[in-house]
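Survey of secondary and tertiary structure
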Amino acid sequence: MSGAVGLGVGAAVRGIADAPIVLWTAAAIGGLAVGTYLAVNLALAMRVIPAGRAGMYLGVLNVAETIPQVLAPAVAAGLLRVRSEGPPPTRE
């Protein structure tokens, strides 16, 4: 819960950022929130994973957390390319 709240606060602060220090503070808040979320996620996973198969399950968990981080920039770049129509016309 605290991870989600932290991400929300970080996003809200980024939305109103008018100076670099405010943006850096928002990034720090978001980073701490993600760290909190991932730590709790790992702790819960370790409680339910069978002891003899921890390596395989933690590997699957890592892949599930990493694939979106790898694919998101490529998808975003593709979306930006689709929407890009060149520079706006200039008025003279």
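Focus on the overall build of the chain
Of the regular secondary structure elements, the chain holds 3 helices and 0 strands. Going residue by residue from the N terminus, the α and β elements of the chain occur as α-α-α. The C-alpha radius of gyration computed for the chain amounts to 19 Å, which surpasses the reference 12 Å derived for 92 residues by more than 25%, pointing to a less compact arrangement than a globule. By its C-alpha atoms, the chain is 70 × 30 × 15 Å across when sized along the principal axes. Counting every position in the chain, which comprises 92 residues, the buried fraction comes to 11%. Summed over all atoms, the accessible surface of the chain reaches about 7,500 Å², with 70% contributed by carbon and sulfur. Taking the average location of the 6 positive side-chain charges in the chain and that of its 4 negative ones, the two points are 14 Å from each other.

Side note on helix H1 (residues 2-16)
A rise of 1.5 Å per residue sets the reference length of H1, with its 15 residues, at 21 Å; its end C-alpha atoms lie 21 Å apart and thus fit the reference within 8%. Buried within H1 we find Gly3, Gly6, Gly10 and Val13. Summarising the axial view, the buried residues of H1 lie within an arc of 90°, below the 170-degree limit, and thus occupy one face. Residues Ala4, Gly15 and Ile16 are exposed on H1 and point more than 90 degrees away from its buried face.

Considerations on a nonpolar patch on the surface
A cluster of nonpolar side chains, contributed by Val63, Ile67, Val70, Leu71, Val75 and Leu79, occupies part of the molecular surface with about 550 Å² of accessible area. Relative to the helices and strands, Val63 resides in helix H3 (residues 54-83). In this structure Val63 comes out as partly exposed when scored by relative accessible area, which is 44%.

Some details on the confidence of the model for the chain
On average, residues of the chain score 85 in pLDDT, and 90% of them are at 70 or above. The least confident element of the chain is H1, whose mean pLDDT is 86; the most confident is helix H2 (residues 20-48), at 89.

Regarding H2
Residues three or four positions apart in an α-helix share a direction because the helix packs 3.6 residues into each turn. With 29 residues, H2 should reach 42 Å at 1.5 Å per residue; the first-to-last C-alpha distance of 42 Å fits that figure. The complete set of buried residues in H2 reads Ala26, Gly30, Ala33 and Ala45.

With respect to the environment of Ala28
As for its position among the elements, Ala28 is in helix H2. Note on Ala28: relative accessible area 42%, which makes it partly exposed. Measuring from C-alpha to C-alpha, the distance between Ala28 and Gly6 comes to 9.9 Å, with 22 residues separating the pair along the chain.

Let's talk about the packing of H1 against H2
The geometry of H1 relative to H2 is characterised by a closest axis approach of 8 Å and an angle of 165° between their N-to-C directions. One element, H1, and the other, H2, form an angle in the roughly antiparallel class. With respect to the hand of their crossing, H1 and H2 are arranged in left-handed fashion. Packed against H1, whose contacting residues are Ser2, Gly3, Gly6, Leu7, Val9, Gly10, Val13 and Arg14, the element H2 presents Val22, Leu23, Ala26, Ala27, Ile29, Gly30, Ala33, Val34, Thr36 and Tyr37 at the interface. Each residue belonging to the contact of H1 with H2 can be placed in one class, and the counts come to 11 nonpolar, 6 polar and 1 charged.

About the cut-offs
- Residues numbered from 1 in each chain as written.
- Predicted model: local features only at pLDDT ≥ 70, side-chain atom pairs only at ≥ 80, totals over all residues.
- Heavy atoms only, no water.
- Helix = DSSP H or I, 4+ residues; strand = E, 2+ residues; numbered from the N terminus.
- Rg over C-alpha atoms; globule rule 2.2 N^0.38 Å.
- Buried < 20%, exposed > 50% of the residue type's maximum accessible area, 1.4 Å probe, protein only.
- Areas by Shrake-Rupley, 256 points an atom, 1.4 Å probe, with all protein chains shown as cover.
- Lys, Arg positive; Asp, Glu negative; His and termini not counted.
- Charge placed at Lys NZ, Arg CZ, Asp CG, Glu CD.
- Expected span 1.5 Å × (residues − 1).
- Arc of directions from axis to C-beta.
- Patch = residues over 30% accessible without salt bridge, like charges linked within 9 Å, V, L, I, M, F, W, Y side chains within 5 Å.
- Salt bridge = Lys/Arg side-chain N within 4 Å of Asp/Glu carboxyl O.
- pLDDT = per-residue confidence, 0-100.
- Axes fitted to C-alpha atoms, helices over the stretch in contact; angles between N-to-C directions.
- Parallel < 35°, antiparallel > 145°, perpendicular 65-115°, else oblique.
- Left-handed = near helix turned anticlockwise from the far one by under 90°.
- Contact = heavy atoms within 4.5 Å.
- Nonpolar A, V, L, I, M, F, W, Y, C, P; charged D, E, K, R; others polar.

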